[in-house]
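Residues per chain are reported as follows:
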Amino acid sequence: MLTKHRGEFLLVLGAFFFSFSGIIVTVVMKHLPALRLAEVRSVSAVVILGTYILLTRPEIIKVKKAEIPRLALYGVVGFAFVNFGYLLGIQRGVPLGLVLIIEFTASIWIALWIKLVRKGFVSNQMWLAVALSFTGLVLVAKVWEGFKFDLIGITAATLCAFCLAAYFLMSERIGKSREPIATLIFGMGFASAFWLIVLPPWTFPFEVFTVQMDLGGIAAGTMLPGWLLIGAAAIFGTVVPYMLVLSGMKLLTASTSSVIGMLEPVIAGAFAWIWFAQSWDFIQLLGAAAVLVGVYLADRAKTVAS
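Residues numbered from 1 in each chain as written. Predicted model: local features only at pLDDT ≥ 70, side-chain atom pairs only at ≥ 80, totals over all residues. Heavy atoms only, no water.

Visitor: Tell me about the packing of helix α8 (residues 180-198) against helix α9 (residues 226-249), residues and numbers included.
Guide: Axis separation between α8 and α9 bottoms out at 9 Å; the angle between their running directions is 125 degrees. Classified by the interaxial angle, the pair formed by α8 and α9 is oblique. The crossing of α8 and α9 is right-handed. Here Pro180, Ile181, Thr183, Leu184 and Met188 of α8 come into contact with α9, specifically with Thr238, Val239, Tyr242, Met243, Leu246 and Ser247. (Axes fitted to C-alpha atoms, helices over the stretch in contact; angles between N-to-C directions. Helix = DSSP H or I, 4+ residues; strand = E, 2+ residues; numbered from the N terminus. Parallel < 35°, antiparallel > 145°, perpendicular 65-115°, else oblique. Left-handed = near helix turned anticlockwise from the far one by under 90°. Contact = heavy atoms within 4.5 Å.)

Next up, the structure:
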């Protein structure tokens with residue numbers, strides 16, 4: 001049973017780690033600008049994984065010159081721009097729930113790309129899965145509460161959605177000929193190059209590594225050093241979940257993977273419920289159930305790209 005559904009299991013586990021790390025990221029972002037955190041996570045991932053592969057299997061990251069432009073596009077668009085759009089939307093004051101809803105319209109754009117551009121087959125069951133999951137996210141986030149329109153913020157979140165769709169589609173293609181760890185190294189490598197150009201390392205606030213940070217929530221008063229929490233965000237919020245997601249995507253289609261990815265904000269809400277005592281009402285619970293049904297339908301649906 002587990003072998004049969006290995007791809008789904010890996011993607012759900014990846015969503016779990018992404019969601020859990022959100023608690024750590026929330027704490028760190030009180031002391032470190034969001035874009036700086038995105039930079040340090042990318043660079044840390046490359047250093048950790050790159051060192052391991054260079055010492056063990058350097059042959060898997062050999063690359064031909066003709067492949068470099070595609071891999072560079074994958075890293076900048078699929079990793080750097082997704083984080084950039086997401087974080088800029090939040091920074092501009094757009095509610096987190098609305099940013100997530102816009103971001104996960106990626107499933108819709110993927111299905112449309114497969115149908116209209118690749119001339120592939122997208123079953124009615126997949127369309128229903130996307131619609132159910134998307135509606136569920138709207139209910140979970142309750143985006144109608146505290147809505148604030150900001151043109152730049154909304155545009156950034158929309159950019160994030162298109163880039164996330166590109167990430168799933170490109171990961172599907174690249175993953176056919178590359179191992180997940182190599183795919184991640186290339187993606188994070190080019191994303192790191194982008195961040196280091198935009199945010200030069202000599203301007204980084206290194207003092208954040210020695211700052212004592214309060215975990216808050218049910219652990220309020222517990223202080224941990226910045227280097228430990230930033231390291232945890234890099235390992236358990238970046239390396240581990242991305243490895244799980246890319247490994248799972250190798251066994252599934254981009255459209256199915258993107259719908260399963262919608263579990264992330266639902267699981268994140270559950271962690272917020274536990275950690276920060278942010279309880280859900282009936283509407284949000286109904287939304288979570290709709291997402292789960294949508295994910296189930298997506299797993300059973302057929303989507304074939306030409």
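Visitor: Please provide a residue-by-residue account of the environment of Trp113, values included.
Guide: For Trp113, the position within the fold is in helix α5 (residues 106-117). Owing to a relative accessible area of 41%, Trp113 belongs among the partly exposed residues under this scheme. (Buried < 20%, exposed > 50% of the residue type's maximum accessible area, 1.4 Å probe, protein only.)

Visitor: Give a description of the side chain of Ser42 that names residues and reports values.
Guide: Along the chain, Ser42 falls in helix α2 (residues 34-56). Ignoring anything within four residues of it in the chain, the contact list for Ser42 reads Met188, Ala191, Ser192 and Trp195.

Visitor: Which residues make up the environment of Ile61, and what are the values?
Guide: In this structure, Ile61 sits in the loop between α2 and α3 (68-91). Once the C-alpha coordinates of Ile61 and Gly7 are considered, the two residues, 54 residues apart in sequence, prove to be 23 Å apart. Once you skip the residues sitting within four places of it in the chain, Ile61 turns out to touch Ile53, Leu54, Arg178, Ala182, Ile185 and Phe186.

Visitor: So what's going on with the nonpolar core? Residues and values would help.
Guide: With 87 residues, the main nonpolar core has Val28, Phe79 and Tyr167 as its most contacted residues. At 10 residues, helix α7 (residues 151-174) tops the list of elements feeding residues into this core. Excluding residues that lie within four positions of it along the chain, Phe79 makes contacts with Tyr74, Tyr167, Leu184, Gly187, Met188, Ala191 and Tyr242. The next biggest cluster of nonpolar side chains, apart from the first, holds 7 residues, and it includes Val99, Ile102, Ile154 and Ala157. (Core = buried A, V, L, I, M, F, W, Y, C linked by side-chain atoms within 4.5 Å.)

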